[in-house]
Amino acid sequence: MNIEEQLKAIVKKGSVKRSEPMKLHTTFRVGGPAEFFAEPSYDEVLPLVSFLKREKVPYTLIGNGSNLLVSDEGVSGVVISFGTQLAEVEVNGNKIKAQAGILLSRLASFAATNALSGLEFASGIPGTLGGAIAMNAGAYGGEMKDVVESVTVLEDGEVKTYLGKEMDFSYRHSLVLDKEMIVLSVELRLTPGAEEEINATVKELNAKRVEKQPLNYPSAGSTFKRPEGYFAGKLIEEAGLRGYRRGGAQVSEKHCGFVVNTGDATAADIYGLICDVQKKVQEKFDVTLEPEVRLIGRFE
Ligand SMILES: Cc1cc2nc3c(=O)[nH]c(=O)nc-3n(C[C@H](O)[C@H](O)[C@H](O)COP(=O)(O)OP(=O)(O)OC[C@H]3O[C@@H](n4cnc5c(N)ncnc54)[C@H](O)[C@@H]3O)c2cc1C
């Protein structure tokens, strides 16, 4: 059996595709083909990863692709996506347990329906729960670290559960990014609240997003991490880069912290623009901007 047949023999409930354009799976809407693109069911994750490790086939894990820049050449090996599978969720008192592929918007609305507060901040972040744990996603004063009770991961071929405090959460960082961990499910600890109030907060925060962020263009959200003591968007604006372009990539006119795809950007355009912005800001303010967006594939 060739690799494709072997993958299909393991991933039966989910799906396996060959040469899948990654621009269909990233919010930047750029990225060349994944050699193989697998969407396993929960039970298929462990056998799939064990097989790939045994056969030394490289793999890349993605959630909703909302914090990724995938190169135009694409990705060799297997991209494992949790984007459409692994979306079960259940409530037990103040706790919600959910699988890693669930979208934060759905999770936040599930919490609201169950009159549980604490996830309002996350409702407008367009990622999966697994991606949000990996990145310790946050907004409007909240971050995942505040609500995580425990995280169940696949690590070194074993399923393990870590307490939230063991996850080494910090600004846009967690243990998941340091170790080769795959988040399978997460238990969240929330507080009782009134559904109407929770929904009102969600509405208010989402209105702020619409007002401040260039949501009409493909992007990966804030392109750079917030450097200590500064705001990336402000530095970029003060460096005279509002609206600065490279091919189809542009520093957003509306919010300089966002790089947007104006329609026909390549990953190379976006990467080149990121490098230009870093260089200009370093020269002008002696501040290093570190990308928040994760690069996948080869960039030069
Ligand atoms: C319009 C817009 C607004 C945004 N606003 C915010 C915001 O307010 N706050 C914020 O923090 N971010 C924001 N983001 C960025 C992004 O949505 C978050 O980083 C999100 O948490 C990424 O989740 P994802 O599922 O899309 O992960 P992906 O982008 O697919 O992956 C991100 C990283 O997580 C890893 N990963 C994904 N799933 C798993 C898993 N199950 N196990 C282990 N590792 C995994 C990937 O390997 C990768 O390293 C925004 C993005 C956009 C496009």
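As shown above, the structure is provided for reference.
Since we're looking at a predicted model, the values are computed, not measured. In every chain, residue numbers begin from 1 and rise along the written sequence. Where totals are concerned, whole chains, interfaces and linings use all residues; where local detail is concerned, this predicted model gives features only for residues with pLDDT of at least 70, and gives and counts side-chain atom pairs only at 80 or more. Side-chain metrics rest on all non-hydrogen atoms present in the structure, leaving aside hydrogens and water.

## Topic: helix H2 (residues 42-54)
Of the positions making up H2, those classed as buried are Glu44, Val45, Leu48, Val49, Phe51 and Leu52. Buried residues of H2, viewed axially, fall in a sector of 160°; they line one side. Exposed side chains of H2 directed beyond 90 degrees from the buried face belong to Asp43 and Arg54. By definition in these notes, contact holds between two residues if any of their heavy atoms fall within 4.5 Å. Only runs of H or I of at least four residues qualify as helices and only runs of E of at least two qualify as strands under DSSP, and these elements are numbered from the N terminus. The inward-facing, buried residues of H2 contact helix H1 (3-10), strand E2 (33-39), strand E3 (59-62), strand E5 (75-81), strand E11 (148-155) and strand E13 (181-189). Three labels apply to residues, based on accessible area from a 1.4 Å probe with only protein chains included: buried if under 20% of the type maximum, exposed if over 50%, partly exposed otherwise in between. Picture the helix axis, draw a direction to every C-beta atom, and the arc is the one those directions span.

## Observations concerning the packing of H1 against H2
For helices, the axis comes from a line fit to the C-alpha atoms of the stretch in contact; other axes are also lines fit to C-alpha atoms, and the angle between any two N-to-C directions lies between 0 and 180 degrees. Running from amino to carboxyl end, H1 crosses H2 at an angle of 155°, the nearest separation of the two axes being 9 Å. Here H2 runs roughly antiparallel to H1, going by the angle between their axes. Two packed elements cross with a definite hand, and for H1 against H2 that hand is right-handed. Together, Ile3, Gln6, Leu7 and Ile10 of H1 and Glu44, Pro47, Leu48, Phe51 and Leu52 of H2 make up the contact between the two elements. A class-by-class count of the residues in the contact of H1 with H2 yields 7 nonpolar, 1 polar and 1 charged. Angular relationships are summarised with four words: roughly parallel below 35 degrees, roughly antiparallel beyond 145, roughly perpendicular across 65 to 115, and oblique for the angles in between. Put simply, a crossing is left-handed when the front helix is turned counterclockwise from the back one by less than a right angle, and right-handed when it is turned clockwise. Note on residue categories: nonpolar means Ala, Val, Leu, Ile, Met, Phe, Trp, Tyr, Cys or Pro, charged means Asp, Glu, Lys or Arg, and polar means any other residue, Gly included.

## With respect to the pattern of salt bridges
Two side chains of opposite charge can pair, provided their charged atoms sit close to one another. Salt bridge, as used here, is a side-chain nitrogen of Lys or Arg placed within 4 Å of a carboxyl oxygen of Asp or Glu. Tallied over the entire structure, the rule returns 19 salt bridges. We note a salt bridge from Glu292 to Arg172, for which the minimum N-O separation is 3.6 Å. Here Glu292, found in the loop between helix H8 (267-285) and strand E19 (294-296), pairs with Arg172, found in the loop between strand E12 (158-163) and helix H5 (175-178); they are 120 residues apart in sequence, far enough to count as distant. Arg172 matches Glu292 in its accessibility class, with the two residues each being buried.

## Describing the site of the ligand
One heavy atom within 4 Å of a molecule or strand makes the whole residue count as near it. Taken together, 37 residues surround the ligand, and among them Leu61, Gly63, Ser66, Thr128 and Gly138 come closest. Polar contacts, as counted here, are pairs of nitrogen or oxygen atoms within 3.5 Å of one another; within protein the pair requires one atom able to donate a hydrogen and one able to accept it, and residues that are adjacent in sequence qualify only if both atoms are side-chain atoms. Between the ligand and the protein, one listed contact pairs an oxygen atom with a backbone N or O atom of Leu61 at 2.7 Å. Measuring from an oxygen atom of the ligand, one finds a side-chain N or O atom of Arg294 at 3.1 Å. Calculation of accessible area relied on Shrake-Rupley with a 1.4 Å probe; when residues are assessed, cover is drawn exclusively from the protein chains displayed. Bound to the protein, the ligand loses 93% of the 970 Å² it would expose on its own. Taken together, the elements giving at least two residues each to the shell around the ligand come down to E3, helix H4 (129-135), strand E9 (138-139), H5, E13 and strand E15 (219-222). Among the elements that line the shell around the ligand, the one with the most residues is H4, at 5 residues.

## Concerning the pairing of E5
Counted residue by residue, E5 has 6 buried out of 7 residues, so it is predominantly covered. By definition, two strands form a pair when at least two bridges between them are found by DSSP. Note that E2 and E5 share 4 bridges and pair parallel. Pairing of Phe36 across the sheet is with Val78, part of E5. Inspection of the sheet shows E3 paired to E5 by 4 bridges, in the parallel sense. Bridged to Leu61 within E5 is Ile80.

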